[in-house]
Amino acid sequence: MHSPSSPSARRWDGSRTSAPQRRSLRIAPDSASRLLRCGQTTSCSHCGNPVEWYPGADDRLVQLHPHELPVARVPESCRWHVSRGIAHPSGDGSNWCRLTHDVLCPARPAPTTAPQLSGLRRSLALRTRRLLDTGILTPPATPAEGAPPGEAVCRPARPIVQLLFVRYLASRPVDELQCVAQTRRRTRCTAEILGPSGSHGVWTLAPVTAHHGQLALPSDFMAVYSLSALPYQEQLRWRAQRCRDHAAASTAGDLAVADWEPFDPLRHHEHIRTRLPTHGRRPGGHAPRRVWS
């Protein structure tokens, strides 16, 4: 048996007391993603509690609670599991499971199908209250009293953006999209994609079209923030969600997942807005422009 002072001494569980120096992780320059891991930790924009983003089997991002829970506490319809970096809406046969953050988010109505999660939901609500009291979390803006009906929908919280001939659903307003690049201080860049010198898109009314072979509905229109008129490189910068400085710095890696989700009019119908934003209307009360695609 080696003495505790021996260089090769091990702990009680067999692990080494001093780990050898490891090589740093690197990403291939031609990789489609510059992220080192698929589960990105961030905070919910509504309640401020930590969440983890994972890609789902249908290529959409899923917000999961960062901790596993015993399956006895989670209804079968709410169970998720992560396999090889992909989130699946079911259990994996073990005694532990994951669940989506929407079930626990204090800013959302409590689901009636999971009363056994009320204790965990209350603890997250208390943390949200502390964040609000300390000023760390800013409550969402509420429409002013006396505003005409429909005025609250003039600024979509999750706008539909068209770039590179593809429509995406953004996770936040266009002017709040933040650069995902990592700075030299190993923090996320605080610059916005739009920025004061960035290229702006155009709000238009486009017909609601369905994917997977469904017929289009030519009589239904929705507000779309179109970037199709921008140069190709500028549209690539938007899709990569990088500010102008980090778009030119190809060596800077990503610290978060881009806030784009492929738009599906059937699955995302609650985010469809039929009016253009107030700041996007033309002066003089002209009718909004309709664009057929």
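Look above for the structure.
Residues numbered from 1 in each chain as written. Predicted model: local features only at pLDDT ≥ 70, side-chain atom pairs only at ≥ 80, totals over all residues. Heavy atoms only, no water.

## Focus: the overall build of the protein
1) Next: The helix and strand inventory of the protein stands at three helices and 12 strands.
2) Next: By residue count, 35% of the 293 residues in the protein fall in the buried class.
3) Next: Sequence separation of at least 24 residues holds for 57% of the intrachain contacts in the protein that already meet a minimum separation of 6.
4) Next: Of the roughly 18,700 Å² of accessible surface on the protein, 54% is carried by carbon and sulfur atoms. (Helix = DSSP H or I, 4+ residues; strand = E, 2+ residues; numbered from the N terminus. Buried < 20%, exposed > 50% of the residue type's maximum accessible area, 1.4 Å probe, protein only. Contact = heavy atoms within 4.5 Å. Areas by Shrake-Rupley, 256 points an atom, 1.4 Å probe, with all protein chains shown as cover.)

## Section: the environment of L276
1) Next: Looking at the secondary structure, you find L276 in the segment after β12 (260-262).
2) Next: Remark: the alpha-carbon pair of L276 and A223, spanning 53 residues in sequence, is separated by 5.6 Å.

## What to know about the sheet that holds strand β2 (residues 50-55)
1) Next: Within the open sheet, the three strands sit side by side as β1-β2-β3. Their pairing is antiparallel. Single-partner strands in this sheet number two, and they are β1 (40-43) and β3 (61-64). Ignoring strand direction, the axes of neighbouring strands in this sheet form an average angle of 35°.
2) Next: As judged from the four bridges shared by β1 and β2, these two strands associate in the antiparallel manner. If you follow Q40 over to β2, its bridge partner there is W53. (Pairing = 2+ DSSP bridges. Axes fitted to C-alpha atoms, helices over the stretch in contact; angles between N-to-C directions.)

## Brief notes about helix α2 (residues 232-240)
Structural remark: α-helix, 3.6 residues per turn; residues separated by three or four positions point the same way.
1) Next: Of all the residues in α2, the buried ones are E234, Q235, R237 and W238. End-on view of α2: buried residues confined to an arc of 155°, all on one side of the axis. Relative to its buried face, α2 has exposed residues pointing more than 90 degrees away, namely Y232 and Q233.
2) Next: Two residues or fewer after α2 comes Q241, characterised by a positive phi angle close to 55°. (Arc of directions from axis to C-beta.)

## With respect to helix α1 (residues 118-134)
1) Next: An ideal rise of 1.5 Å per residue puts 24 Å on 17 residues; α1 measures up with 24 Å between its terminal C-alpha atoms.
2) Next: Taken together, the buried positions of α1 are occupied by L120, R121, L124, T128 and L131. With its buried residues spanning 100° around the axis, α1 presents them on a single face. Across from the buried face of α1, at angles greater than 90 degrees, the exposed residues are R122, L126, R130, D133 and T134.
3) Next: Residues of α1 that are buried sit in contact with β4 (69-70).
4) Next: One or two steps after α1, the chain reaches G135, where phi turns positive at roughly 85°. (Expected span 1.5 Å × (residues − 1).)

## Quick look at the environment of P262
1) Next: Mapped onto the secondary structure, P262 falls in strand β12.
2) Next: The spatial distance from the C-alpha of P262 to the C-alpha of V166 is 7.9 Å, given a sequence separation of 96 residues.

## Some words on the nonpolar core
1) Next: Counting residues in each nonpolar core, the largest one holds 23 residues, and the members touching the most others are V161, L163, Y225, L227, W238 and W260.
2) Next: Breaking this core down by element, the ones donating at least two residues are β8 (160-163), β9 (166-170), β10 (202-208) and β11 (217-226).
3) Next: Sort the elements by how many residues they give to this core and β11 lands first, with three residues.
4) Next: Once residues within four sequence positions are removed from consideration, Y225 is found in contact with I160, V161, Q162, V174, L194, H200, G201, V202, W203 and W238.
5) Next: Grouped together as the second largest cluster of nonpolar side chains are 12 residues, L69, C78, L120 and L124 included. (Core = buried A, V, L, I, M, F, W, Y, C linked by side-chain atoms within 4.5 Å.)

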